[in-house]
Every structure is written in structure tokens, then in C-alpha cells.
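Reading the structure
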Amino acid sequence: MAKTEPSRCNLTALRKATRRVSQLYDQVLATSGLRGTQRAILVYVRRSGAPTMGELAAALVLDRTALNHNLKPLERDGLLTITVDKSDRRSRLVRLTKRGEARLEESQAAWLKAQERFETGFGARQAADLRQTLELIASLEFDERALTSPAR
């Protein structure tokens, strides 16, 4: 395959990298029956207790349609529940089930293996730096910078 010049488009470069990393994690996680995105949702729900759909969407930087699309198979498989918030009937709460907790535990070794593979190929220090950079890009702080920076 011919080597091509890197794209100057940040979006293209990020999406290509994301797809490649997702393929790695999905391949290693396949034995657990979870995809990387599904595991990330379950981890966030476990850490948060019972986030609302809005909180979950904001934390994962997903619109509600995409979030619903990702939650349906997890709910169908009994890994989480979505219920009406008794204090605000307009909100839905997402909770991890015992089955979801067990699936997360079962997937832990595979996730660690995927982490190790990535860091072996990319470098542990570079991976830590990359996560820090990506956290900034995903943050509201970056969004505010991008919106207020003058166009050049």
C-alpha cells in the first residue's frame, strides 16, 4: 500500500485514529461480548451511580439520539436499566444491573490487555500525554477556547 501524505484536516486525522483504536479494543473485548463504547458507558454508569440521560450524554459527549442507540442493546441484554426519575418525571435514570456489574468485571482482563497492547505499540508515556490532550479537546474549556479564538 502506498504511503500517503498526512491529512491537514484535524477531523479526518482524529476519526481515523479513533477507528483504529476502536478496532483494537473491540477485537480484544470481543470475548466479553462488549464493544469498547458499550464498556465505556457501563464504566461511567458504575462510577456515577444513577446518572440521568442528560448527564450521561454530556459526560460521554454524545447527543441523545446516539446515546439511545448505544443504550438499547445494553438494556435489552439486562446490563442496565432506564427508569423514570421519581423526583423529575421528565428525566430518565440509567442504572447498572447486577448482570451489568458482572459483565464489567468479566471484561476487565480483556480491557487491560487492550490497554497494554495500545501502550506497547504507542508508548506508555505518549499514551498518557495523548489521554491528557484528548481530555482537553473533549472538555468544555476547549469548546470555549475554540468558540472565542479569532479566525485566522
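The structure under discussion appears in the preceding block.
Residues numbered from 1 in each chain as written. Predicted model: local features only at pLDDT ≥ 70, side-chain atom pairs only at ≥ 80, totals over all residues. Heavy atoms only, no water.

Notes on the nonpolar core
Defined as follows: Definition used in this section: a nonpolar core is a set of buried Ala, Val, Leu, Ile, Met, Phe, Trp, Tyr and Cys residues joined via side-chain atoms within 4.5 Å. Residue burial is assigned from relative accessible area. The probe radius is 1.4 Å, only protein chains are included, and a residue is buried under 20% of its type maximum, exposed over 50%, and partly exposed in between. Every helix listed is a DSSP run of H or I at least four residues long, and every strand listed is a run of E at least two residues long, numbered separately from the N terminus. We call two residues contacting when some pair of their heavy atoms lies within 4.5 Å.
Ile41, Leu42, Leu56, Leu71, Leu74, Leu80 and Val94 are the most contacted members of the largest nonpolar core, which has 16 residues in total. Sorting the residues of this core by element identifies α2 (36-48), α3 (53-60), α4 (64-76) and β2 (88-96) as the ones contributing at least two each. Per element, the largest residue contribution to this core is four residues, and it comes from α2. Not counting residues within four places of it along the chain, the set of residues in contact with Leu56 comprises Ile41, Tyr44, Val45, Pro51, Leu67, Leu71 and Val94.

Brief notes about a nonpolar patch on the surface
What counts here: Here the term patch refers to residues with relative accessible area over 30% and no salt bridge, with like charges joined within 9 Å and nonpolar side chains (Val, Leu, Ile, Met, Phe, Trp, Tyr) within 5 Å. Here, Shrake-Rupley sampling with a 1.4 Å probe gives the accessible areas, and only protein chains in the shown set may cover a residue. Salt bridges are defined by distance alone: a side-chain nitrogen of Lys or Arg within 4 Å of a carboxyl oxygen of Asp or Glu.
On the surface, Leu14, Leu134, Ile137 and Phe142 cluster together into a nonpolar patch covering about 300 Å² of accessible area. Residue classification places Ile137 among the partly exposed positions, given a relative accessible area of 35%.

Quick notes on unusual backbone geometry
Residues other than glycine seldom take positive phi values, yet Val61 does so here, at roughly 55°. Among the secondary structure elements, Val61 is positioned in the loop between α3 and α4. For Val61, a relative accessible area of 57% gives the class exposed.

Thoughts on the pairing of β2
Rule in force here: Pairing between strands is defined by DSSP: at least two bridges between them are needed.
As defined by bridge partners, strand β1 (residues 80-85) adjoins β2 across six bridges and the pair is classed as antiparallel. Bridging from a neighbouring strand, Asp85 pairs with Asp88 of β2.

Side note on the packing of α2 against α4
In plain terms, the rule: Here, axes are lines fitted to C-alpha atoms. For helices the fit covers the stretch in contact, and angles between N-to-C directions go from 0 to 180 degrees. Roughly parallel refers to an angle under 35 degrees, roughly antiparallel to one over 145, roughly perpendicular to one between 65 and 115, and oblique to any angle outside these ranges. In this classification, the charged set is Asp, Glu, Lys and Arg, the nonpolar set is Ala, Val, Leu, Ile, Met, Phe, Trp, Tyr, Cys and Pro, and all remaining amino acids, among them Gly, are polar.
Direction vectors running N to C along α2 and α4 enclose 80°, while the axes themselves pass 10 Å from each other. The angle between α2 and α4 places the two elements in the roughly perpendicular class. Touching Thr37, Gln38, Ile41 and Leu42 of α2 are Asn70, Leu71, Pro73 and Leu74, all from α4. Of the residues in the contact of α2 with α4, the class split is five nonpolar, three polar and no charged.

As for helix α5 (residues 98-122)
Filter applied, for reference: One fewer than the residue count of a helix, multiplied by 1.5 Å, yields its expected span.
For α5, spanning 25 residues, the distance from its first C-alpha to its last is 35 Å, which sits close to the expected 36 Å at 1.5 Å a residue. Buried within α5 we find Gly100, Arg103, Leu104, Ser107, Ala110, Ala114, Gln115 and Phe118. Buried residues in α5 make contact with α1 (10-29), α2, β2 and α6 (124-138). Backbone geometry just after α5 places Gly123 at a positive phi near 105°.

Some thoughts on the layout of surface pockets
Under the convention used in this document: Using a grid of 1 Å spacing that covers the protein atoms alone, one calls a set of points a cavity when a 1.4 Å probe fits there but cannot get out, and a pocket when the set is open and has protein on both sides within 12 Å along at least five of seven lines; lining residues are those with an atom within 4 Å of a point. Grid points are joined across faces, edges and corners, and a volume is the space filled by probe spheres set on the points.
There is about 2300 Å³ of room inside the largest pocket. Taken together, 40 residues form the lining of the largest pocket, with Thr18, Ala40, Leu60, Leu134 and Glu135 sitting closest to its centre. Secondary structure elements with two or more residues in the lining of the largest pocket: α1, α2, α3, α4, α5 and α6. Here the residues of the lining of the largest pocket sort into 23 nonpolar, eight polar and nine charged.

Examining the packing of α1 against α5
The test is simple: Each crossing gets its handedness from the near helix: less than a right angle anticlockwise from the far helix is left-handed, clockwise is right-handed.
One way to put it is that α1 packs onto α5 with a least axis distance of 8 Å and a crossing angle of 145°. In the crossing of α1 with α5, the sense of the turn from one axis to the other is right-handed. From α1, Val21, Leu24, Tyr25, Val28 and Leu29 reach across to α5, where they touch Ser107, Ala110, Trp111, Lys113, Ala114, Gln115, Arg117 and Phe118. When grouped by side-chain class, the residues that make up the contact of α1 with α5 number nine nonpolar, two polar and two charged.

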